[in-house]
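The chain contents come next:
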Amino acid sequence: MTTSEFKKEAYAMVDLMVEYMEHIESYNVKSQVKPKQIINQLPESMPLVGESIELIIKDFKEILMPGITHWQHPNFFAYFQANSSPPSILAEMLTATLGVQGMKWETSPASTELEERVMQWLIQAIGLPSYWQGVIQSTASDSTLNAILTSREQYSSYQINRKGYTENNQYRVYCSEETHSSAEKGAKIAGIGKENVVKISTDGNLSMSPQSLKEHIKRDLDQGYIPLCIIATLGTTGTMAMDPLGEISELSQKHNIWLHIDAAYAGSAFILPEYKYLLKGIDNADSFVFNPHKWLFTNFDCSAYFVKDPEALVRTFAILPEYLKTDSDNHVNNHCDWGIPLGRRFRSLKLWFVIRYYGLTKLQEILRNHIELAKWMEETIDSSNSFELICPRSMNLVCFRWIPVGIESTEQLNELNNELMNALNQSGKLYLTHTKVNGSFALRMSIGQLNVTKHHIKQAYSIIMETASSIKTD
Ligand SMILES: *Cc1c(COP(=O)(O)O)cnc(C)c1O
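Residues numbered from 1 in each chain as written. Predicted model: local features only at pLDDT ≥ 70, side-chain atom pairs only at ≥ 80, totals over all residues. Heavy atoms only, no water.

Focus on the sheet that holds strand S10 (residues 433–437)
- The strand order across the open sheet built from four strands is S8-S9-S11-S10, with neighbouring strands paired in antiparallel fashion. Every interior strand has two partners, whereas the edge strands, strand S8 (387–389) and S10, have only one. Across this sheet, the average inter-strand angle for adjacent strands is 40°, counted without regard to direction.
- Here four bridges tie strand S9 (residues 397–402) to strand S11 (residues 440–446), and the two strands are oriented antiparallel to one another. Bridge assignment links Phe400 to a residue of S11, and that residue is Leu443.
- The strands touched by helix H13 (residues 410–427) within the sheet are S8, S9, S10 and S11, with S11 carrying the most contacts at an inclination of about 30°. (Pairing = 2+ DSSP bridges. Helix = DSSP H or I, 4+ residues; strand = E, 2+ residues; numbered from the N terminus. Axes fitted to C-alpha atoms, helices over the stretch in contact; angles between N-to-C directions. Contact = heavy atoms within 4.5 Å.)

Re unusual backbone geometry
- In this model, Phe300 is joined to Asp301 through a cis peptide bond whose omega is 0°.
- Mapping Asp301 onto the fold places it in the loop between helix H10 (292–295) and strand S7 (303–307).
- We note that Tyr158 has phi near 65°; this positive angle belongs to a residue other than glycine.
- Position of Tyr158 relative to the elements: it lies in the loop between helix H5 (140–155) and helix H6 (159–163).
- Note on Tyr158: relative accessible area 13%, which makes it buried.
- The phi dihedral of Leu206 falls on the positive side, at around 65°, and the residue is not glycine.
- With respect to the element layout, Leu206 can be found in the loop between strand S3 (197–200) and helix H8 (210–222). (Buried < 20%, exposed > 50% of the residue type's maximum accessible area, 1.4 Å probe, protein only.)

Concerning the state of the cysteines
- Taken as a whole, this structure holds zero disulfides when the rule is applied.
- Just so you know, Cys302 is unpaired, no disulfide at all, and the nearest cysteine sulfur is the one on Cys336, 18 Å from it.
- With relative accessibility at 0%, the residue Cys302 sits in the buried group. (Disulfide = S-S within 2.5 Å.)

Focus: the sheet that holds strand S4 (residues 226–233)
- Taken together, the seven strands give an open sheet; going across it, the order is S1-S7-S6-S5-S4-S2-S3, and neighbouring strands pair in mixed fashion. The two strands at the open ends of the sheet, each matched to only one other strand, are strand S1 (133–137) and S3. Pairwise comparison of adjacent strand axes, ignoring direction, gives a mean angle of 20° for this sheet.
- Direction of pairing for S4 relative to strand S5 (residues 258–262): parallel, over a ladder of five bridges. Its bridge partner being in S5, Thr233 is matched across the sheet by Asp262.
- Lying on the sheet, helix H4 (residues 109–126) is in contact with S1, strand S6 (287–290) and S7; it crosses S1 at an angle near 115°.

A few points about the domain arrangement of the protein chain
- Partitioning the protein chain into domains gives domain 1 (1–30 + 69–84 + 359–474) and domain 2 (100–345).
- Relative placement of domain 1 and domain 2: their C-alpha centres are 30 Å apart.
- The interface of domain 1 with domain 2 comprises 26 residues on the first partner and 26 residues on the second.
- Here domain 1 packs against domain 2, burying approximately 2200 Å² in sum over the two surfaces, 69% of which is carbon and sulfur.
- Taking the shortest distance from any N to any O, the salt bridge between Arg368 and Glu274 comes out at 2.6 Å.
- Our count for the domain 1 to domain 2 interface comes out at 10 residue pairs in polar contact (both at pLDDT 80 or more).
- Where the side of domain 1 that touches domain 2 is concerned, the elements lending two or more residues are helix H12 (348–382), S9, S10 and S11.
- Of the residues forming the side of domain 1 that touches domain 2, the biggest block, eight residues, is contributed by H12.
- Tallied by class, the residues present in the side of domain 1 that touches domain 2 amount to 13 nonpolar, 11 polar and two charged. (Domains from an automatic or database assignment. Buried area = accessible area lost by both parts, 1.4 Å probe. Salt bridge = Lys/Arg side-chain N within 4 Å of Asp/Glu carboxyl O. Polar contact = N/O pair within 3.5 Å; in protein donor to acceptor, adjacent residues only side chain to side chain. Nonpolar A, V, L, I, M, F, W, Y, C, P; charged D, E, K, R; others polar.)

What follows is the structure, given as structure tokens:
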């Protein structure tokens, strides 16, 4: 493709992008295709002869678009948002054009040094200890795996990396029953074993019970287990519950256990002074992760991982074959030694664009607006006769259920709420997902899409009410 052909296609692509952004609300939020509907329309073998971009885009529109779920739709309330934003998209265009591998400092010094700088900005904005350092990982799951591996290596004086598991030790990882599944996955991959993930019970707010944690650690120590790592969550995926960091960090400190904090979604909100109290105890923690690709408008993937001691991280991951040796190795950071993959995209560029374009004040304003909208939804549900909150709102997440008159059994309520959720999602008008709270099926409404407004929330509430009233309850 010549540059002049590229220019023509690129301008046309921008038109397509803008058209999508302007008309996003005309799409069904959740894709309604059936399994195999997409793949059956795609040829079984690759083309022998090249095709035009025009034809590829035609097929993109006709074949693929129906199979897209619109994560950037303002009525996307499911899971947690994976927000993109215009400045982030602009930066991605540059990133793709440069096609840089930022694995080592020398392979693109700007990639490494910009990453160091924006991570420091986030450390300040969130209120992490100023001497911590950060690195961008793909996902919170990767970051949590890194924390588990580093805790293991630090404990074994880096001998498991060297020799494999030679002792008959049983290691333990602690987290709550509400912790994200990535903790268990990480423990499996790290060779700790799923059965050595101790799931601590939660209290009324679905946050980890420090008393129970304390008892489990004591019992494990008495029985000869080795406590490696505690994973505390700030903002659980189910209900956005906050584990009590203060008390947990005292235990981790006392027993010298690695404390990793998973704040994948809620972490963004720590740029708001009013939530910083939740970080009390952070000084005693060892690592912290949050995803700017969720609630900080930087499109996937961009997970910000922060550690107290980068030395431990690097000693866990560094590897130096001859072909990767460079003269600068001793006085720069080589981020390929800060995690699993060797190759690294220039992800700091989009974060830099986003932070600079909005500025801290505007980012705070957007998050506060989401939280205000969630508050409105909470109050509206609370004053409704046919709906109830299933737990108090936390930040921008509201969990509620429909309580039709005359229905009392949990089982029936669960079935009806499941039916309501499916009807809502099939309508294409909005998309939300569920969780279970003490056995009760709850609709989860995460209000955090960049362009969501009061109008969307009011409309969502009406659609939920109307859909519920159209469902037969007898
Ligand atoms: C979303 C989420 C994760 C997983 O994030 P990935 O980046 O997709 O791995 C982990 N923990 C919590 C609390 C989450 O909300």
